[in-house]
Amino acid sequence: MVLSEPYWDHHIPLPKLGPLYSRLVTAFVALICFINSYDGDFVFDDSEAIINNKDLNPDTPLSNIWKNDFWGSNLSSNSSHKSYRPLTVLTFRINYLLAGGLHPIGFHVLNVALHCVISVLMIDVFAILIGGLVHNGREAKLSLSPKASFLAALFFAAHPVHTESVAGIVGRADLLCALFFQLSFLVYCKAFQGGDKKFSVLWIFGSILLCAVAMLCKEQGITVLGVNAAYDILMVCNLNIYELAHQLLSRRKSADVSDLFTGSLLFLGGSFLLYARWRIMGTGPPSFTEVDNPASFAENVILRIVNYNYYYSLNAWLLLCPWWLCFDWSMGCVPLIKSATDWRIFWPLLLWCCLMGLVYQALCSQDSNKRRTLTFGLVLLVIPFLPASNLFFRVGFVIAERVLYLSSAGYCLILAYAVGYCSCHWKKHKRLLRATTLTLLCVNVARSAQRSQQWRSEQSLFASALSVCPLNAKVHYNVGKNLADRGNQSAAVKYYREAVRLHPKYVHAMNNLGNILKERNELKEAEELLSAAVHIQPDFAAAWMNLGIVQNSLKKFDEAEQSYWNAIRFRKKYPDCYYNLGRLYADLNRSIDALNAWRNATMLKPDHSLAWNNMVILLDNTGNLAQAELIGKEALKILPKDHTIMFSLANVLGKQEKYKESEGFFLNALKINPNIASCHGNLAVLYHRWGKLDLAKRHYELSLRLDPSAPGTKENYNMLKRKLEQRQRTVG
């Protein structure tokens, strides 16, 4: 490889730092951009991938991460997203193990550290792409473009579009994939360091192995083979695409055997990895709905292509101007282009004009440095984005900022070249260019810090999306859900209603809104919403259960029973539904059916406190005291600190005149929660019956102090006082 130092490198308006200092500065910039996310919460998709993912728990067999998808579902399941990322899940599991539980700080710190490492490694990647892999006589690696590679790495370290990948813990998949993508590329380059087209098969196999590791972190890792192939053609063979195509068409030059061999290795390695990935997928590709990616469901092929290209232009805009960032771009956030008169058609046309201009410069420029830099910039920009482009298969999103993590490296390389080119040709405006470059870096750092601050909590993250995507029903839904979780149900209703208005078939918003209306006793509207939800999605088990609760409150008992059984039919293991079904049977005085339903609930969920407690209370009320005692003691073996079960069991024992044992359970319940008026009151009744009148008096008074209106307590207390007075007169 005969390479020369890029003539524009020393014109870049940055100080020339040594390798160590340039790496330290890049790592520092990456750190200050995202460090304020280190103590953030688990937000958005983290709840499914981490909090609800049993594969993170050390008690779960480690082999499960190789059988399940990224979200903890079995890959063979039709509902699986088929995202096979076992190495990423393994790092989550290690975080869990080291922290001794689900503590987000460790997860966030590792994400920030990974971004710093990746940003530093980008200096080496950019140095090779701009100036080639050059060594001195002592095999030390040299950089022919120290300023350009440093500037491109700074742009990469500070780009705000990376916030989702760094500040969102689920973005760990993109970070690990990018890390092994870089290592695979660097190892592939090392295979050719001998020069004269000599290469090491061992290093090439090492690169393919690292590509496989990248794929086990995220599927996008396969694209490094395309970048390696481009390096082979442009750097090892020292050809540009235009010359190569011309030579192949005219048959004036046969391909070098070594070129064919390395290309064959990459092709065979990629084919094997794709085949292995397809076999792992099991039942085929995941199925997405129109809500996830509306353009891919457009019946007209032309409209589909136009909208895909509009999505590409929006992704390009996020790289150019990352100010409008949103955690989710689905559900009406980007309305479809449906006619030729839609002014938004201008943006895909502008995108392709810019891309064609860059391609022309990359192919036809007389400047070999310019050709090489722009070509690699385009390769890095386009190839990692291909899996998200809808070209090969339908994806489950409209726009996802996380998929731009690797592609942004291509944009940063082109941007660094643009700065160098302008500095070289506009020498009179060098100060202005320096100020502009530093301003751009500072603005990106500030925006990244601001955006990572928004990712610290769901409240700020969801609220930030309202101004970016006001037409996105999911944004309104998530804002409403966050408000409801924090107890502000009145405000949540407004956002849930807006979500349903924007997307009339949004069953999850209907279900949550129906739940709130149920709790506010607005039962009629709640029934209408939940009925509509199950009509739209007949297998929505949670909505069927909530509909049953509303119908039970409306005394539509037969309909409620049918709704509960529908919920159980669609979700076989549904302990909460069995619990509510038991409550219905108890209201109908069908005691045996109620007990069976609650028993099913405890079998499916052994720590279902309400089901255990209701069984004890029902058996107590029906006079089956011995059985109630057995059930209560069985429950306390599983829930030894449940004061509600202790209280119910103590009442049962008191009725059986097992005063000492009953007293023990009452006192244990009060140790756990000493402010339960009913517990003090019932313990006082026990002492009253037992003849321990002074203790009875004390607990009656404690009960009345906690709840002066407690039913029956005042009467029992007055009765006790009369008895004490009578005893005192008798003694006197």
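Keep in mind the model is a prediction, meaning the values are calculated, not measured. (Residues numbered from 1 in each chain as written. Predicted model: local features only at pLDDT ≥ 70, side-chain atom pairs only at ≥ 80, totals over all residues. Heavy atoms only, no water.)

### A look at the overall build of the protein
- What the protein contains, in helices and strands, is 32 helices and 2 strands.
- Dimensions of the protein, computed from C-alpha atoms along their principal axes, come out at roughly 120 × 55 × 50 Å.
- Looking at the protein residue by residue over its 732 residues, the buried ones come to 52%.
- By sequence separation, contacts in the protein at least 24 residues apart represent 67% of the contacts at least 6 residues apart.
- Taken together, the 74 basic and 55 acidic charged side chains of the protein have centroids lying 4 Å from each other. (Helix = DSSP H or I, 4+ residues; strand = E, 2+ residues; numbered from the N terminus. Buried < 20%, exposed > 50% of the residue type's maximum accessible area, 1.4 Å probe, protein only. Contact = heavy atoms within 4.5 Å. Lys, Arg positive; Asp, Glu negative; His and termini not counted. Charge placed at Lys NZ, Arg CZ, Asp CG, Glu CD.)

### Description of the nonpolar core
- Counting 203 residues, the largest nonpolar core has Phe126, Phe185, Tyr231, Phe327, Trp329 and Val334 as its most contacted members.
- The element contributing the most residues to this core is helix H15 (residues 404–425), with 13 residues.
- Ignoring sequence-local partners within four residues, the contact set of Val334 consists of Tyr310, Tyr311, Leu314, Trp329, Val398 and Ile399.
- Residues Leu56, Ile65, Phe70 and Val89 belong to the second largest nonpolar core, which totals 13 residues. (Core = buried A, V, L, I, M, F, W, Y, C linked by side-chain atoms within 4.5 Å.)

### So, a nonpolar patch on the surface
- A cluster of nonpolar side chains, namely Leu17, Leu20, Tyr21, Leu24 and Val25, defines an oily patch on the protein surface of about 480 Å² accessible area.
- Along the polypeptide, Tyr21 turns up in helix H1 (residues 19–34).
- Given the relative accessible area of 56%, Tyr21 is considered exposed. (Patch = residues over 30% accessible without salt bridge, like charges linked within 9 Å, V, L, I, M, F, W, Y side chains within 5 Å. Areas by Shrake-Rupley, 256 points an atom, 1.4 Å probe, with all protein chains shown as cover. Salt bridge = Lys/Arg side-chain N within 4 Å of Asp/Glu carboxyl O.)

### Focus on the domain arrangement of the protein
- By the assigned domains, the protein splits into domain 1 (17–281), domain 2 (294–425) and domain 3 (675–731).
- One C-alpha centre belongs to domain 2, the other to domain 3; they are set 78 Å apart. (Domains from an automatic or database assignment.)

### Description of the UniProt feature "transmembrane region" (unreviewed entry) in the protein
- Those places that UniProt annotates as "transmembrane region" (unreviewed entry) correspond, in this numbering, to residues 20–38, 112–134, 169–188, 200–216, 222–245, 345–363, 375–397 and 403–424.
- End C-alpha atoms of residues 200–216 are separated by 25 Å, and the span's content is 94% helix alongside 0% strand.
- Structurally, residues 345–363 comprises 95% helix and 0% strand, and the distance from its first C-alpha atom to its last is 27 Å. (UniProt positions renumbered as here; feature names shortened; annotations may be inferred.)

### Focus: the pattern of salt bridges
- Across all of its chains, the model carries 22 salt bridges by this definition.
- Residue Asp39 pairs with Arg456 through a salt bridge whose shortest N-O separation is 2.2 Å. Placement of Asp39 in the loop between H1 and helix H2 (46–51) and of Arg456 in the loop between helix H16 (430–454) and helix H17 (458–468) is noted, with a sequence separation of 417 residues between them.
- Judged by relative accessible area, which is 29%, Asp39 ranks as partly exposed.

### Side note on helix H14 (residues 368–382)
- With 15 residues, H14 should reach 21 Å at 1.5 Å per residue; the first-to-last C-alpha distance of 21 Å fits that figure.
- With 13 of its 15 residues buried, H14 lies for the most part within the structure. (Expected span 1.5 Å × (residues − 1).)

### Details of the side chain of Ser22
- Secondary-structure assignment places Ser22 in helix H1.
- Within the structure, Ser22 has its side chain in polar contact with the backbone oxygen of Pro19 (distance 2.9 Å).
- When near neighbours in sequence (up to four residues on either side) are disregarded, Ser22 contacts Leu17, Ile123 and Phe150. (Polar contact = N/O pair within 3.5 Å; in protein donor to acceptor, adjacent residues only side chain to side chain.)

### A look at the packing of helix H4 (residues 104–131) against H14
- Direction vectors running N to C along H4 and H14 enclose 135 degrees, while the axes themselves pass 8 Å from each other. On the basis of the axis angle, H4 is oblique to H14. Contacts between H4 and H14 involve Phe126, Leu129, Ile130 and Gly131 on the former and, on the latter, Asn369, Arg372, Thr373, Phe376 and Leu380. (Axes fitted to C-alpha atoms, helices over the stretch in contact; angles between N-to-C directions. Parallel < 35°, antiparallel > 145°, perpendicular 65-115°, else oblique.)

### Structural notes on unusual backbone geometry
- Of note in this structure, Lys555 is not a glycine but carries a positive phi near 65 degrees.
- Within the secondary structure layout, Lys555 lies in the loop between helix H22 (541–553) and helix H23 (557–570).
- Look at Lys555 and you get exposed, because its relative accessible area is 63%.
- Phi angles above zero are rare outside glycine, and Glu657 is one such case at about 60 degrees.
- Considering the arrangement of structural elements, one finds Glu657 in the loop between helix H28 (643–655) and helix H29 (659–672).

### A short note on the state of the cysteines
- Considering all chains together, one arrives at 1 disulfide under this definition.
- Each sulfur of the disulfide joining Cys333 and Cys469 lies 1.6 Å from the other. A residue pair is termed long-range when its members are at least 10 positions apart, and Cys333 in the loop between helix H12 (301–320) and helix H13 (346–364) and Cys469 in the loop between H17 and helix H18 (473–485) qualify at 136 residues. With respect to class, Cys333 is no different from Cys469; both count as buried.
- Cys177 forms no disulfide, and the closest cysteine sulfur to it belongs to Cys217, at a distance of 6.9 Å.
- Unpaired in terms of disulfides, Cys412 finds its nearest cysteine sulfur in Cys33, a separation of 11 Å. (Disulfide = S-S within 2.5 Å.)

### Remarks on the packing of aromatic side chains
- Tallied over the entire structure, the rule returns 19 aromatic pairs.
- Ring centres of Phe42 and Phe107 lie 5.5 Å apart, and the angle between their planes is 75 degrees; on these two criteria the pair is classed as edge-to-face. One end of the pair, Phe42, is in the loop between H1 and H2; the other, Phe107, is in helix H4, with 65 residues separating them in the sequence. Here the two residues Phe42 and Phe107 agree in accessibility, since each one is buried.
- When the ring of Phe647 is compared with that of Phe666, the centres are 6.0 Å apart and the planes differ by 65 degrees; the resulting orientation is edge-to-face. On the criterion of sequence distance, the pair formed by Phe647 in helix H28 and Phe666 in helix H29 is long-range, its members being 19 residues apart.
- Across from the ring centre of Phe70, 5.0 Å away, lies the NZ or CZ of Arg85, which sits over that ring.
- Its end group placed over the ring of Trp690, Lys692 keeps NZ or CZ at 3.8 Å from the ring centre. (Phe/Tyr/Trp six-rings, centres within 6.5 Å; stacked < 30°, edge-to-face > 60°. Lys NZ or Arg CZ within 6 Å of the ring centre and 35° of its normal.)

### Overview of the confidence of the model for the protein
- Across the protein, the average pLDDT comes to 87, with 92% of residues at or above 70.
- Considering each helix and strand of the protein separately, the mean pLDDT is smallest for helix H10 (residues 241–250), with a value of 57, and largest for helix H6 (residues 163–167), with 95. (pLDDT = per-residue confidence, 0-100.)

### Side note on the side chain of Thr60
- Tracing the backbone shows Thr60 in the loop between H2 and helix H3 (86–99).
- Setting aside residues no more than four positions away along its own chain, Thr60 makes contact with Lys54, Asp55 and Arg93.

### Focus: the packing of helix H26 (residues 609–621) against H28
- Where H26 meets H28, the axes come as close as 9 Å, and the angle between the chain directions of the two elements is 15 degrees. By the angle between their axes, H26 is roughly parallel relative to H28. Between H26 and H28 lies a crossing whose hand is left-handed. In contact with Ser609, Trp612, Asn613, Val616, Ile617 and Asp620 of H26, H28 contributes Thr644, Ile645, Ser648, Leu649, Asn651, Val652 and Lys655.
- Here the contact of H26 with H28 is built from residues that sort into 6 nonpolar, 5 polar and 2 charged. (Left-handed = near helix turned anticlockwise from the far one by under 90°. Nonpolar A, V, L, I, M, F, W, Y, C, P; charged D, E, K, R; others polar.)

### With respect to the environment of Val89
- Along the chain, the position of Val89 falls in helix H3.
- Each C-alpha atom of the pair Val89 and Arg23 lies 29 Å from the other, and the pair is 66 residues apart in sequence.
- In this structure Val89 touches Asp55, Leu56, Ile65 and Phe70, once residues within four positions along its chain are discounted.

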